[in-house]
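Notes for the structure review
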Amino acid sequence: GRVRGYQGTSPHPCVRFPSGVGVQAHARTGSLLSLHQALSLPQKAPVGVIVLTSDRDFSQAPNFELEDGLTADYDIGGNLTVVSQQLAGELIGPKITFNKDGSVSHRETCCYRQGRIVSKLKSDVPEGFVADVLRSFVAPTKKALGIGLAP
């Protein structure tokens, strides 16, 4: 079944489902922090790393690493803030950052290749990328979890 733990060295709790999908919640409010298309199998927390969590259980709880796939990050109000993709441990393709009003932040949006920024031009973001991410990953994941699509 699902396993509760932490993703990387984040103090925010995370649940990994049998499919590998991960859902991370804000530690203080319980609201959605991020959706991860793929998290590693549970492993021991990094040795010698101290992370203060609400339950003070970081060193005993399972730890998950981010694997290849999409990530959608949210602010404390539930608004989508960033969509990115990782391959072989590095950012790849567009990393799109959104303003509070839902518009794309052209200042912080860029395209990556092998973890390095290769472009900050809006024209280099594939047409329909955001719609595809929302349709193929975000909406079905939130629907399966019973999380509304708004705000």
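Here the structure is shown first, and the text comes after it.
Residues numbered from 1 in each chain as written. Predicted model: local features only at pLDDT ≥ 70, side-chain atom pairs only at ≥ 80, totals over all residues. Heavy atoms only, no water.

1. A short note on the overall build of the chain
Helix and strand content of the chain: one helix and 11 strands. Tracing the chain from N to C terminus, the helices and strands come up as β-β-β-β-β-β-β-β-β-β-β-α. In terms of C-alpha radius of gyration, the chain reaches 16 Å, essentially the compact-globule figure of 15 Å for 151 residues. Intrachain contacts of the chain at a sequence separation of at least 6 include 40% that bridge at least 24 residues. Surface accessibility of the chain: about 8900 Å² in total, with carbon and sulfur atoms responsible for 54%. Treating the 16 positive side-chain charges of the chain as one cloud and the 13 negative ones as another, the clouds have centres 4 Å apart. (Helix = DSSP H or I, 4+ residues; strand = E, 2+ residues; numbered from the N terminus. Rg over C-alpha atoms; globule rule 2.2 N^0.38 Å. Contact = heavy atoms within 4.5 Å. Areas by Shrake-Rupley, 256 points an atom, 1.4 Å probe, with all protein chains shown as cover. Lys, Arg positive; Asp, Glu negative; His and termini not counted. Charge placed at Lys NZ, Arg CZ, Asp CG, Glu CD.)

2. Focus: the layout of surface pockets
Approximately 190 Å³ is the volume attributed to the largest pocket. In this structure, the largest pocket is lined by 14 residues; those nearest its centre are Ile96, Val104, His106, Lys122 and Val125. Where the lining of the largest pocket is concerned, the elements lending two or more residues are strand 10 (110–113) and helix 1 (129–145). Residues that form the lining of the largest pocket fall into these classes: 10 nonpolar, two polar and two charged. Counted as a void, the second largest pocket has a volume near 150 Å³. As for the second largest pocket, its lining consists of 10 residues, and the residues nearest its centre are Tyr74, Leu134, Val138, Lys142 and Leu149. (1 Å grid on protein atoms, 1.4 Å probe; cavity = no way out; pocket = protein on both sides within 12 Å on 5 of 7 lines; lining within 4 Å. Points joined across faces, edges and corners; volume = space filled by probe spheres on them. Nonpolar A, V, L, I, M, F, W, Y, C, P; charged D, E, K, R; others polar.)

3. Quick word on helix 1
Taking 1.5 Å per residue, 17 residues should reach 24 Å; helix 1 reaches 23 Å between its end C-alpha atoms and fits that length. Of the residues making up helix 1, those classed as buried are Phe129, Val133, Phe137, Val138, Thr141 and Lys142. For helix 1, the elements touching its buried residues are strand 4 (32–36), strand 6 (69–74), strand 7 (80–87) and strand 9 (93–97). Gly146 sits one or two positions beyond helix 1 and adopts a positive phi of about 75 degrees. (Expected span 1.5 Å × (residues − 1). Buried < 20%, exposed > 50% of the residue type's maximum accessible area, 1.4 Å probe, protein only.)

4. Structural notes on unusual backbone geometry
The backbone of Arg56 sits at a positive phi, close to 50 degrees, despite the residue not being glycine. Of note in the backbone geometry, Gln114 takes a positive phi value of approximately 50 degrees without being a glycine.

5. A few points about the state of the cysteines
Applying the stated criterion across every chain, the model contains zero disulfides. Of the cysteine sulfurs around Cys110, a residue in no disulfide, the closest is that of Cys111, at 7.2 Å. On the basis of relative accessibility, which here comes to 8%, the residue Cys111 falls in the buried class. (Disulfide = S-S within 2.5 Å.)

6. Some thoughts on the nonpolar core
The tendency in soluble globular proteins is for nonpolar side chains to be buried as a group. Membership of the largest hydrophobic core comes to 17 residues, with the highest contact counts inside it found for Leu35, Tyr74, Phe129 and Val138. Among the secondary structure elements, those contributing two or more residues to this core are strand 4, strand 6, strand 7 and helix 1. Among the elements that make up this core, the one with the highest residue count is helix 1 (four residues). The residues contacting Phe129, other than those within four sequence positions of it, are Leu70, Val83, Gln85, Pro94 and Ile96. Judged by nonpolar contacts, the second largest core, of five residues, contains Ala45, Val51, Phe58 and Ala61. (Core = buried A, V, L, I, M, F, W, Y, C linked by side-chain atoms within 4.5 Å.)

7. A word on the pattern of salt bridges
For the coordinates displayed, the defined rule picks out four salt bridges. A salt bridge links Lys100 to Asp75; the nearest nitrogen and oxygen atoms lie 3.1 Å apart. With Lys100 in the loop between strand 9 and strand 10 and Asp75 in the loop between strand 6 and strand 7, this residue pair connects regions lying 25 residues apart in the sequence. Judged by its relative accessible area of 70%, Lys100 is exposed. One salt bridge connects Arg135 with Asp132, and the closest N-O pair in it is separated by 2.5 Å. You can see Arg135 and its partner Asp132 sitting in helix 1, three residues apart, about one turn around the helix. You can call Asp132 partly exposed: its relative accessible area is 39%. (Salt bridge = Lys/Arg side-chain N within 4 Å of Asp/Glu carboxyl O.)

Interpretation in functional terms is not warranted from these geometric data alone.
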